Amino acid sequence: MSPATNQVVCVTGAAGFIASWIVKLLLEKGYVVRGTVRNPDDSKNNHLRELEGAKERLTLCKADLLDLESLCEAISGCEGVFHTASPVIDDPEQMMEPAVMGTRNVMVAAAEAKVRRVVFTSSVGAVYMDPNRSPDVVVDESCWSDLQFCKNTKNWYCYGKVMAEQAAWDEAKARGVDLVVVNPVLVIGPLLQSTVNASIIHILKYLTGSAKTYANAVQAYVDVRDVALTHIILFETPSAFGRYLCAESMLHRGEVVEILAKYFPEYPIPTK
Ligand SMILES: NC(=O)c1ccc[n+]([C@@H]2O[C@H](COP(=O)([O-])OP(=O)(O)OC[C@H]3O[C@@H](n4cnc5c(N)ncnc54)[C@H](OP(=O)(O)O)[C@@H]3O)[C@@H](O)[C@H]2O)c1
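In what follows, the accompanying structure is described. Please read all numbers here as calculations on a predicted model, not as lab measurements.

What counts as what
Residues numbered from 1 in each chain as written. Predicted model: local features only at pLDDT ≥ 70, side-chain atom pairs only at ≥ 80, totals over all residues. Heavy atoms only, no water. Helix = DSSP H or I, 4+ residues; strand = E, 2+ residues; numbered from the N terminus. Rg over C-alpha atoms; globule rule 2.2 N^0.38 Å. Buried < 20%, exposed > 50% of the residue type's maximum accessible area, 1.4 Å probe, protein only. Areas by Shrake-Rupley, 256 points an atom, 1.4 Å probe, with all protein chains shown as cover. Lys, Arg positive; Asp, Glu negative; His and termini not counted. Charge placed at Lys NZ, Arg CZ, Asp CG, Glu CD. Pairing = 2+ DSSP bridges. Right-handed = clockwise from strand over helix to strand, strands pointing away. Patch = residues over 30% accessible without salt bridge, like charges linked within 9 Å, V, L, I, M, F, W, Y side chains within 5 Å. Salt bridge = Lys/Arg side-chain N within 4 Å of Asp/Glu carboxyl O. Core = buried A, V, L, I, M, F, W, Y, C linked by side-chain atoms within 4.5 Å. Contact = heavy atoms within 4.5 Å.

Description of the overall build of the chain
For step 1, the next point in the chain: Tallying secondary structure elements over the chain gives ten helices and ten strands in all.
For step 2, the next point in the chain: Here the C-alpha atoms of the chain give a radius of gyration of 19 Å, agreeing with the 19 Å that 2.2 N^0.38 yields for 272 residues.
For step 3, the next point in the chain: Along the longest, intermediate and shortest principal axes, the C-alpha atoms of the chain span 55 × 45 × 35 Å.
For step 4, the next point in the chain: Across the 272 residues in the chain, those meeting the buried criterion constitute 50%.
For step 5, the next point in the chain: In the structure as shown, the chain presents an accessible area of about 13300 Å², 53% of it carried by carbon and sulfur atoms.
For step 6, the next point in the chain: Placing the 26 positive and 32 negative side-chain charges of the chain at their respective mean positions leaves the two points 1 Å apart.

Take a look at the structure:
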(Lines give C-alpha, C1' and ligand atoms only; values in the text may rest on other atoms or scores of the structure.)
Protein backbone atom coordinates (compact mmCIF):
# COMPACT_ATOMS: atom_id res chain seq x y z
CA MET A 1 0.00 0.00 0.00
CA SER A 2 1.09 3.57 -0.66
CA PRO A 3 2.40 5.87 2.13
CA ALA A 4 0.16 7.99 4.35
CA THR A 5 -2.07 10.56 2.69
CA ASN A 6 -3.63 12.10 5.82
CA GLN A 7 -6.77 12.94 3.84
CA VAL A 8 -9.89 12.88 6.00
CA VAL A 9 -12.67 10.67 4.70
CA CYS A 10 -15.96 9.38 6.12
CA VAL A 11 -17.26 5.80 5.89
CA THR A 12 -20.94 5.38 6.77
CA GLY A 13 -22.01 2.20 8.55
CA ALA A 14 -18.34 1.59 9.35
CA ALA A 15 -18.85 -1.60 11.37
CA GLY A 16 -20.61 -3.40 8.50
CA PHE A 17 -19.07 -6.28 6.51
CA ILE A 18 -17.93 -4.29 3.47
CA ALA A 19 -17.35 -1.02 5.33
CA SER A 20 -15.01 -2.65 7.87
CA TRP A 21 -12.74 -3.70 5.00
CA ILE A 22 -12.92 -0.22 3.46
CA VAL A 23 -11.91 1.27 6.83
CA LYS A 24 -9.05 -1.24 7.16
CA LEU A 25 -7.66 -0.51 3.70
CA LEU A 26 -8.06 3.27 4.15
CA LEU A 27 -6.12 3.15 7.42
CA GLU A 28 -3.42 1.03 5.79
CA LYS A 29 -3.12 3.71 3.10
CA GLY A 30 -2.71 6.47 5.69
CA TYR A 31 -6.15 8.08 5.49
CA VAL A 32 -7.71 9.71 8.53
CA VAL A 33 -11.07 7.95 8.84
CA ARG A 34 -14.34 8.99 10.42
CA GLY A 35 -16.56 5.95 10.66
CA THR A 36 -20.23 6.46 11.38
CA VAL A 37 -21.95 3.92 13.62
CA ARG A 38 -25.29 4.13 15.37
CA ASN A 39 -23.84 3.35 18.77
CA PRO A 40 -20.11 3.99 19.25
CA ASP A 41 -20.19 2.21 22.65
CA ASP A 42 -21.45 -1.06 21.20
CA SER A 43 -18.88 -3.86 21.51
CA LYS A 44 -19.67 -4.84 17.91
CA ASN A 45 -17.37 -1.96 16.87
CA ASN A 46 -14.37 -3.38 18.76
CA HIS A 47 -12.81 -4.90 15.65
CA LEU A 48 -12.52 -1.41 14.14
CA ARG A 49 -10.61 -0.06 17.15
CA GLU A 50 -8.16 -2.95 16.83
CA LEU A 51 -7.27 -2.20 13.19
CA GLU A 52 -3.71 -1.06 12.46
CA GLY A 53 -3.62 2.74 12.54
CA ALA A 54 -7.02 3.01 14.26
CA LYS A 55 -5.67 4.46 17.49
CA GLU A 56 -4.06 7.34 15.63
CA ARG A 57 -6.42 7.89 12.69
CA LEU A 58 -9.90 6.41 13.28
CA THR A 59 -12.76 8.22 14.99
CA LEU A 60 -16.14 6.57 15.43
CA CYS A 61 -18.95 9.13 15.12
CA LYS A 62 -22.50 8.49 16.25
CA ALA A 63 -24.79 9.00 13.26
CA ASP A 64 -28.08 7.66 11.97
CA LEU A 65 -29.01 7.81 8.30
CA LEU A 66 -32.29 9.50 9.21
CA ASP A 67 -30.59 12.17 11.30
CA LEU A 68 -29.18 14.76 8.88
CA GLU A 69 -27.48 16.77 11.60
CA SER A 70 -25.50 13.75 12.81
CA LEU A 71 -24.35 13.05 9.23
CA CYS A 72 -23.36 16.69 8.67
CA GLU A 73 -21.22 16.56 11.81
CA ALA A 74 -19.49 13.36 10.71
CA ILE A 75 -18.90 14.51 7.12
CA SER A 76 -17.92 18.14 7.77
CA GLY A 77 -14.24 18.68 6.91
CA CYS A 78 -14.00 15.43 4.91
CA GLU A 79 -12.59 15.19 1.39
CA GLY A 80 -14.56 12.10 0.57
CA VAL A 81 -17.46 9.92 1.66
CA PHE A 82 -17.87 6.17 1.26
CA HIS A 83 -21.59 5.66 1.73
CA THR A 84 -22.12 1.98 2.46
CA ALA A 85 -24.66 2.09 5.31
CA SER A 86 -28.03 0.60 4.46
CA PRO A 87 -30.36 -1.97 5.93
CA VAL A 88 -29.78 -5.20 3.98
CA ILE A 89 -33.21 -6.74 4.37
CA ASP A 90 -36.19 -7.70 2.22
CA ASP A 91 -38.72 -5.80 4.35
CA PRO A 92 -40.02 -2.55 2.82
CA GLU A 93 -40.80 -0.99 6.19
CA GLN A 94 -37.28 -1.42 7.50
CA MET A 95 -35.49 -0.98 4.17
CA MET A 96 -36.96 1.95 2.29
CA GLU A 97 -36.64 5.01 4.49
CA PRO A 98 -33.04 4.54 5.74
CA ALA A 99 -31.92 3.40 2.28
CA VAL A 100 -33.54 6.20 0.27
CA MET A 101 -33.96 9.12 2.67
CA GLY A 102 -30.66 8.15 4.30
CA THR A 103 -28.87 8.35 0.96
CA ARG A 104 -30.42 11.77 0.29
CA ASN A 105 -29.22 12.92 3.71
CA VAL A 106 -25.69 11.68 3.05
CA MET A 107 -25.64 13.52 -0.29
CA VAL A 108 -26.92 16.73 1.35
CA ALA A 109 -24.25 16.48 4.06
CA ALA A 110 -21.59 15.75 1.43
CA ALA A 111 -22.68 18.78 -0.62
CA GLU A 112 -22.56 21.03 2.45
CA ALA A 113 -19.08 19.78 3.29
CA LYS A 114 -18.01 20.30 -0.36
CA VAL A 115 -16.38 16.87 -0.48
CA ARG A 116 -14.29 15.95 -3.50
CA ARG A 117 -16.22 12.74 -4.24
CA VAL A 118 -18.86 10.40 -2.85
CA VAL A 119 -18.48 6.68 -3.54
CA PHE A 120 -21.84 5.00 -3.01
CA THR A 121 -22.33 1.25 -2.49
CA SER A 122 -25.31 0.29 -4.61
CA SER A 123 -25.86 -3.31 -5.69
CA VAL A 124 -26.28 -5.57 -8.68
CA GLY A 125 -29.84 -5.68 -7.33
CA ALA A 126 -30.29 -2.21 -8.83
CA VAL A 127 -29.04 -3.51 -12.18
CA TYR A 128 -30.23 -6.95 -13.24
CA MET A 129 -33.91 -7.40 -12.32
CA ASP A 130 -35.62 -6.78 -15.63
CA PRO A 131 -37.94 -9.46 -17.08
CA ASN A 132 -38.02 -7.67 -20.43
CA ARG A 133 -34.29 -8.04 -21.05
CA SER A 134 -33.46 -10.98 -23.30
CA PRO A 135 -31.27 -13.64 -21.63
CA ASP A 136 -28.79 -13.10 -24.49
CA VAL A 137 -28.14 -9.49 -23.47
CA VAL A 138 -24.97 -8.96 -21.46
CA VAL A 139 -25.86 -7.10 -18.27
CA ASP A 140 -23.67 -4.04 -17.87
CA GLU A 141 -23.62 -0.68 -16.10
CA SER A 142 -26.26 0.76 -18.44
CA CYS A 143 -28.89 -1.68 -17.09
CA TRP A 144 -31.39 -0.81 -14.35
CA SER A 145 -33.72 -3.13 -12.48
CA ASP A 146 -37.38 -2.64 -13.30
CA LEU A 147 -39.10 -1.07 -10.28
CA GLN A 148 -42.53 -2.48 -11.09
CA PHE A 149 -41.08 -5.98 -11.48
CA CYS A 150 -39.25 -5.68 -8.12
CA LYS A 151 -42.54 -4.59 -6.55
CA ASN A 152 -44.60 -7.35 -8.18
CA THR A 153 -42.11 -9.99 -7.06
CA LYS A 154 -41.84 -8.38 -3.59
CA ASN A 155 -38.09 -8.00 -4.01
CA TRP A 156 -37.94 -5.05 -1.64
CA TYR A 157 -34.18 -5.08 -1.22
CA CYS A 158 -33.65 -4.59 -4.98
CA TYR A 159 -36.49 -2.06 -5.08
CA GLY A 160 -34.85 -0.11 -2.25
CA LYS A 161 -31.42 -0.22 -3.87
CA VAL A 162 -32.82 1.14 -7.18
CA MET A 163 -34.61 3.93 -5.31
CA ALA A 164 -31.54 4.71 -3.18
CA GLU A 165 -29.18 4.79 -6.16
CA GLN A 166 -31.58 6.99 -8.14
CA ALA A 167 -31.83 9.32 -5.13
CA ALA A 168 -28.02 9.50 -5.01
CA TRP A 169 -27.83 10.42 -8.71
CA ASP A 170 -30.64 13.00 -8.39
CA GLU A 171 -29.01 14.69 -5.41
CA ALA A 172 -25.57 14.57 -7.04
CA LYS A 173 -26.96 16.37 -10.08
CA ALA A 174 -28.99 18.90 -8.12
CA ARG A 175 -26.18 19.75 -5.70
CA GLY A 176 -23.14 19.38 -7.95
CA VAL A 177 -21.61 16.48 -6.02
CA ASP A 178 -19.12 14.20 -7.79
CA LEU A 179 -20.60 10.71 -7.38
CA VAL A 180 -19.27 7.30 -8.37
CA VAL A 181 -21.29 4.15 -7.73
CA VAL A 182 -20.18 0.56 -7.07
CA ASN A 183 -22.67 -2.22 -7.87
CA PRO A 184 -21.30 -5.39 -6.28
CA VAL A 185 -22.74 -8.85 -6.83
CA LEU A 186 -23.06 -11.15 -3.77
CA VAL A 187 -20.12 -10.32 -1.51
CA ILE A 188 -18.36 -13.07 0.45
CA GLY A 189 -14.96 -13.48 2.08
CA PRO A 190 -13.34 -13.04 5.47
CA LEU A 191 -15.28 -11.22 8.15
CA LEU A 192 -13.58 -8.57 10.27
CA GLN A 193 -16.70 -8.01 12.36
CA SER A 194 -17.96 -10.43 15.01
CA THR A 195 -21.57 -10.35 13.77
CA VAL A 196 -22.99 -12.24 10.78
CA ASN A 197 -24.29 -10.18 7.85
CA ALA A 198 -26.89 -11.17 5.26
CA SER A 199 -24.62 -12.22 2.39
CA ILE A 200 -22.52 -14.45 4.64
CA ILE A 201 -25.64 -16.41 5.59
CA HIS A 202 -25.71 -17.51 1.94
CA ILE A 203 -22.58 -19.59 2.68
CA LEU A 204 -23.16 -20.23 6.39
CA LYS A 205 -26.45 -22.05 5.76
CA TYR A 206 -24.51 -24.83 3.99
CA LEU A 207 -22.06 -25.17 6.90
CA THR A 208 -24.56 -25.18 9.76
CA GLY A 209 -26.78 -27.85 8.25
CA SER A 210 -29.77 -25.51 8.00
CA ALA A 211 -29.75 -26.01 4.20
CA LYS A 212 -30.31 -29.72 3.50
CA THR A 213 -30.27 -29.29 -0.28
CA TYR A 214 -28.99 -26.71 -2.75
CA ALA A 215 -30.95 -24.98 -5.50
CA ASN A 216 -30.49 -25.46 -9.23
CA ALA A 217 -29.35 -21.87 -9.62
CA VAL A 218 -26.34 -19.75 -10.48
CA GLN A 219 -25.04 -16.69 -8.67
CA ALA A 220 -22.28 -14.15 -9.18
CA TYR A 221 -19.81 -13.68 -6.31
CA VAL A 222 -17.08 -11.24 -5.41
CA ASP A 223 -14.54 -11.12 -2.59
CA VAL A 224 -15.12 -8.42 0.03
CA ARG A 225 -11.46 -7.33 -0.18
CA ASP A 226 -11.86 -6.65 -3.91
CA VAL A 227 -15.06 -4.69 -3.27
CA ALA A 228 -13.37 -2.56 -0.61
CA LEU A 229 -10.37 -1.90 -2.82
CA THR A 230 -12.68 -0.99 -5.71
CA HIS A 231 -14.25 1.75 -3.57
CA ILE A 232 -10.84 3.22 -2.79
CA ILE A 233 -9.54 2.98 -6.36
CA LEU A 234 -12.67 4.79 -7.56
CA PHE A 235 -12.15 7.51 -4.97
CA GLU A 236 -8.51 7.95 -5.95
CA THR A 237 -8.99 7.87 -9.73
CA PRO A 238 -10.12 11.30 -10.97
CA SER A 239 -11.28 9.92 -14.32
CA ALA A 240 -13.64 7.36 -12.71
CA PHE A 241 -17.29 8.16 -13.34
CA GLY A 242 -20.74 6.56 -13.38
CA ARG A 243 -21.42 3.03 -12.20
CA TYR A 244 -19.07 0.08 -11.77
CA LEU A 245 -20.30 -3.49 -11.56
CA CYS A 246 -18.06 -5.46 -9.25
CA ALA A 247 -18.08 -9.21 -9.90
CA GLU A 248 -15.61 -12.07 -9.95
CA SER A 249 -17.07 -15.58 -10.43
CA MET A 250 -20.36 -16.96 -11.66
CA LEU A 251 -20.95 -20.29 -9.92
CA HIS A 252 -23.71 -22.88 -9.86
CA ARG A 253 -24.74 -23.77 -6.30
CA GLY A 254 -23.37 -27.28 -7.00
CA GLU A 255 -19.92 -25.75 -7.53
CA VAL A 256 -20.24 -23.73 -4.32
CA VAL A 257 -21.04 -26.79 -2.17
CA GLU A 258 -18.24 -28.72 -3.90
CA ILE A 259 -15.73 -26.03 -2.92
CA LEU A 260 -17.07 -25.94 0.65
CA ALA A 261 -16.93 -29.73 0.95
CA LYS A 262 -13.31 -29.71 -0.21
CA TYR A 263 -12.18 -27.18 2.39
CA PHE A 264 -14.58 -28.01 5.24
CA PRO A 265 -15.24 -31.78 5.03
CA GLU A 266 -16.20 -31.85 8.73
CA TYR A 267 -19.35 -29.75 8.10
CA PRO A 268 -22.78 -31.10 7.00
CA ILE A 269 -22.63 -29.73 3.46
CA PRO A 270 -25.59 -30.78 1.29
CA THR A 271 -24.97 -33.16 -1.59
CA LYS A 272 -28.42 -33.07 -3.19
N1 LIG B 1 -22.99 -8.00 1.14
C2 LIG B 1 -23.42 -8.05 -0.13
O3 LIG B 1 -23.50 -9.13 -0.73
C4 LIG B 1 -23.75 -6.77 -0.86
C5 LIG B 1 -23.88 -6.83 -2.27
C6 LIG B 1 -24.17 -5.66 -2.97
C7 LIG B 1 -24.34 -4.48 -2.29
N8 LIG B 1 -24.24 -4.44 -0.92
C9 LIG B 1 -24.43 -3.15 -0.25
O10 LIG B 1 -23.27 -2.87 0.52
C11 LIG B 1 -23.61 -2.11 1.67
C12 LIG B 1 -23.04 -2.79 2.90
O13 LIG B 1 -23.53 -4.11 2.97
P14 LIG B 1 -22.93 -5.18 3.99
O15 LIG B 1 -23.09 -6.51 3.39
O16 LIG B 1 -21.60 -4.75 4.45
O17 LIG B 1 -24.03 -5.07 5.17
P18 LIG B 1 -23.93 -4.96 6.74
O19 LIG B 1 -22.77 -5.71 7.27
O20 LIG B 1 -25.29 -5.35 7.22
O21 LIG B 1 -23.70 -3.41 6.98
C22 LIG B 1 -24.71 -2.47 6.83
C23 LIG B 1 -24.41 -1.30 7.72
O24 LIG B 1 -25.44 -0.31 7.57
C25 LIG B 1 -25.71 0.25 8.82
N26 LIG B 1 -27.07 0.79 8.91
C27 LIG B 1 -28.23 0.18 8.64
N28 LIG B 1 -29.25 1.00 8.86
C29 LIG B 1 -28.71 2.19 9.30
C30 LIG B 1 -29.25 3.44 9.72
N31 LIG B 1 -30.56 3.67 9.74
N32 LIG B 1 -28.39 4.41 10.10
C33 LIG B 1 -27.07 4.19 10.11
N34 LIG B 1 -26.50 3.03 9.72
C35 LIG B 1 -27.31 2.04 9.33
C36 LIG B 1 -25.52 -0.89 9.81
O37 LIG B 1 -25.23 -0.32 11.06
P38 LIG B 1 -25.60 -1.02 12.42
O39 LIG B 1 -24.39 -1.83 12.75
O40 LIG B 1 -25.81 0.13 13.35
O41 LIG B 1 -26.82 -1.86 12.22
C42 LIG B 1 -24.36 -1.66 9.20
O43 LIG B 1 -23.14 -1.23 9.73
C44 LIG B 1 -25.13 -2.01 1.66
O45 LIG B 1 -25.48 -0.76 1.09
C46 LIG B 1 -25.57 -3.14 0.75
O47 LIG B 1 -26.81 -2.87 0.13
C48 LIG B 1 -23.94 -5.57 -0.20
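From this point, the discussion proceeds with the structure in view.
Considering the pairing of strand E2 (residues 32-37)
For step 1, the next point in the chain: Relative to E2, strand E1 (residues 8-12) runs parallel, the two sharing four bridges. Counterpart to Cys10 in the pairing with E2 is Arg34.
For step 2, the next point in the chain: Read as a crossover between parallel neighbours, the route from E1 over helix H1 (residues 17-28) to E2 is right-handed.

With respect to a negative patch on the surface
For step 1, the next point in the chain: A surface patch of like charges, here negative, comprises Asp64, Asp67, Glu69 and Glu73.
For step 2, the next point in the chain: In this structure, Glu73 sits in helix H4 (residues 68-75).

Focus: the nonpolar core
For step 1, the next point in the chain: Formed by 41 residues in total, the largest nonpolar core has its most connected members in Val11, Val23, Leu26, Val33, Leu48, Leu58 and Phe82.
For step 2, the next point in the chain: Broken down by secondary-structure element, the contributors of at least two residues to this core are E1, H1, E2, strand E3 (58-62), strand E6 (179-184), strand E8 (218-223) and helix H9 (224-236).
For step 3, the next point in the chain: For this core, the leading source of residues is H1, giving nine residues.
For step 4, the next point in the chain: Setting aside anything within four residues of it in sequence, one finds Leu26 in contact with Val9, Val11, Tyr31, Val33, Phe82 and Ile232.

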